[in-house]
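Structure assessment
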Amino acid sequence: MTWRDISWERCSKPLLHAHTHGQGWAEVTLYTPHVIRVDGDWKMWYIGASGLSRGSEYGLGLATSSDGLSWQLHSGNPVASTGDIPWGAGWQTPCVLFDEEERVYKMWFASRTLIDHDADGNCIALETGLGYAESDDGLDWTVDPEPIYDSARRPWVMKQPDGTYRMWMGSRPSADSAWDDLYRNIYEFRSP
């Protein structure tokens, strides 16, 4: 099989759309979904905002589905807001897994810790940290009070059979490297 033998067909309409889903907190931006299946149902966490696309008021939404096509938005969305992160500005790129043994939802996410622009509005500095949160129900999240890693973009985590964790994530090579090196490197991380 070659890569040309693999094709995807996009459904004819969006499953969720910022302008039509009916929840004002995410009427401008709706993106970076993370979907898992728990006890036979699909759960999707996603990022949304009602303001500027590079603002800091990004919230975390939840939708559920029995078939992965028809989604019901949680009536209490957003399930987490910027103020729920004690160290960062806005939710970004959630990766959620459900730990079957512990019966706990675990989430890794990025959040901005610094941004600076020049006089023309061009970004000249950006720092994001990796956050971690846990929840018994996928709705009420307890966020660690500090970032668990100091350079993060789009984490993806899986639990290994031996109980350890592997994560793949964009990150700067060092604290001294250029801010935009965050978008040039993907690393593997491991944790007990």
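We now turn to the structure provided with this report. (Residues numbered from 1 in each chain as written. Predicted model: local features only at pLDDT ≥ 70, side-chain atom pairs only at ≥ 80, totals over all residues. Heavy atoms only, no water.)

**Topic: the overall build of the protein chain**
Each helix and strand counted, the protein chain has 0 helices and 11 strands in total. Going from N to C terminus, the protein chain has its helices and strands arranged as β-β-β-β-β-β-β-β-β-β-β. In terms of overall dimensions, the protein chain is globule-like: its C-alpha atoms have a radius of gyration of 17 Å, near the 16 Å expected for 192 residues. Across its three principal directions, the C-alpha atoms of the protein chain cover 45 × 45 × 45 Å. By element, 50% of the accessible surface of the protein chain is carried by carbon and sulfur atoms, the whole surface being about 11,200 Å². Charge-centre separation for the protein chain: the mean point of 16 positive side chains lies 7 Å from the mean point of 28 negative side chains. (Helix = DSSP H or I, 4+ residues; strand = E, 2+ residues; numbered from the N terminus. Rg over C-alpha atoms; globule rule 2.2 N^0.38 Å. Areas by Shrake-Rupley, 256 points an atom, 1.4 Å probe, with all protein chains shown as cover. Lys, Arg positive; Asp, Glu negative; His and termini not counted. Charge placed at Lys NZ, Arg CZ, Asp CG, Glu CD.)

**Digging into the sheet that holds strand 9 (residues 153–159)**
The strand order across the open sheet built from 3 strands is 9-10-11, with neighbouring strands paired in antiparallel fashion. Edge strands, defined here as strands with exactly one partner in the open sheet, are strand 9 and strand 11 (186–191). Adjacent strand axes in the sheet meet at a mean angle of 20 degrees, parallel and antiparallel pairs treated alike. Pairing between strand 9 and strand 10 (residues 165–170): 5 bridges, direction antiparallel. In the strand pairing of strand 10, Trp156 is matched with Trp168. (Pairing = 2+ DSSP bridges. Axes fitted to C-alpha atoms, helices over the stretch in contact; angles between N-to-C directions.)

**Considering the side chain of Thr128**
The residue Thr128 is located in strand 7 (residues 123–135) in this model. Overall, the relative accessible area of 8% leaves Thr128 in the buried class. Sequence-distant contacts of Thr128, defined by excluding residues within four places in its chain, comprise Ser111, Arg112, Thr113, Asp150, Ser151, Ala152 and Leu182. (Buried < 20%, exposed > 50% of the residue type's maximum accessible area, 1.4 Å probe, protein only. Contact = heavy atoms within 4.5 Å.)

**Considering the sheet that holds strand 2 (residues 41–49)**
Sheet strands associate in pairs through backbone hydrogen bonding, adopting either a parallel or an antiparallel arrangement. The 4 strands are arranged 1-2-3-4 in an open sheet whose pairing can be described as antiparallel. Single-partner strands in this sheet number two, and they are strand 1 (29–38) and strand 4 (72–73). Summarising the sheet, strand 3 (residues 59–65) and strand 4 pair through 2 bridges and their orientation is antiparallel. The partner of Thr64 across the bridge, within strand 4, is Gln72.

**Comments concerning unusual backbone geometry**
Cis rather than trans, the peptide bond between Asn77 and Pro78 has omega equal to 0 degrees. With respect to the helices and strands, the residue Pro78 is situated in the loop between strand 4 and strand 5 (89–99). A positive phi is found at Thr93, a non-glycine position, where the angle reads about 45 degrees. Of note, Thr93 is situated in strand 5.

**With respect to the environment of Phe109**
Mapped onto the elements, Phe109 comes out in strand 6 (residues 104–117). Expressed as a C-alpha distance, the spacing of Phe109 and Cys95, which sit 14 residues apart in the sequence, is 6.2 Å.

**Side note on a negative patch on the surface**
Taken together, the side chains of Glu134, Asp136, Asp137 and Asp140 define an acidic patch exposed on the protein surface. By the secondary structure assignment, Glu134 is in strand 7. (Patch = residues over 30% accessible without salt bridge, like charges linked within 9 Å, V, L, I, M, F, W, Y side chains within 5 Å. Salt bridge = Lys/Arg side-chain N within 4 Å of Asp/Glu carboxyl O.)

**A closer look at the pairing of strand 7**
Bridging between strand 6 and strand 7 involves 12 bridges; their strand directions are antiparallel. For Asp116, the partnering residue across the bridge sits in strand 7 and is Ala125. Remark: 5 residues form the turn of the hairpin made by strand 6 and strand 7, two consecutive strands paired antiparallel; Gly121 in that turn has positive phi of roughly 90 degrees. Hairpin connection, strand 7 to strand 8 (residues 142–143): the antiparallel pair is bridged by 6 residues, and Gly138 has positive phi, about 80 degrees.

**Structural notes on the nonpolar core**
Among the nonpolar cores identified, the biggest contains 21 residues, and Trp45, Leu60, Trp91, Tyr105, Met107, Phe109 and Trp141 are the most heavily contacted of them. Of all the elements in the fold, those that place two or more residues in this core are strand 1, strand 2, strand 3, strand 5 and strand 6. Beyond its immediate chain neighbours, meaning those up to four positions away, Trp141 contacts Trp45, Leu60, Val79, Val96, Tyr105, Lys106, Met107, Ala133, Glu134 and Ser135. Counting residues in hydrophobic clusters, the runner-up holds 12 residues, among them Leu97, Val157, Tyr165 and Met169. (Core = buried A, V, L, I, M, F, W, Y, C linked by side-chain atoms within 4.5 Å.)

Interpretation in functional terms is not warranted from these geometric data alone.
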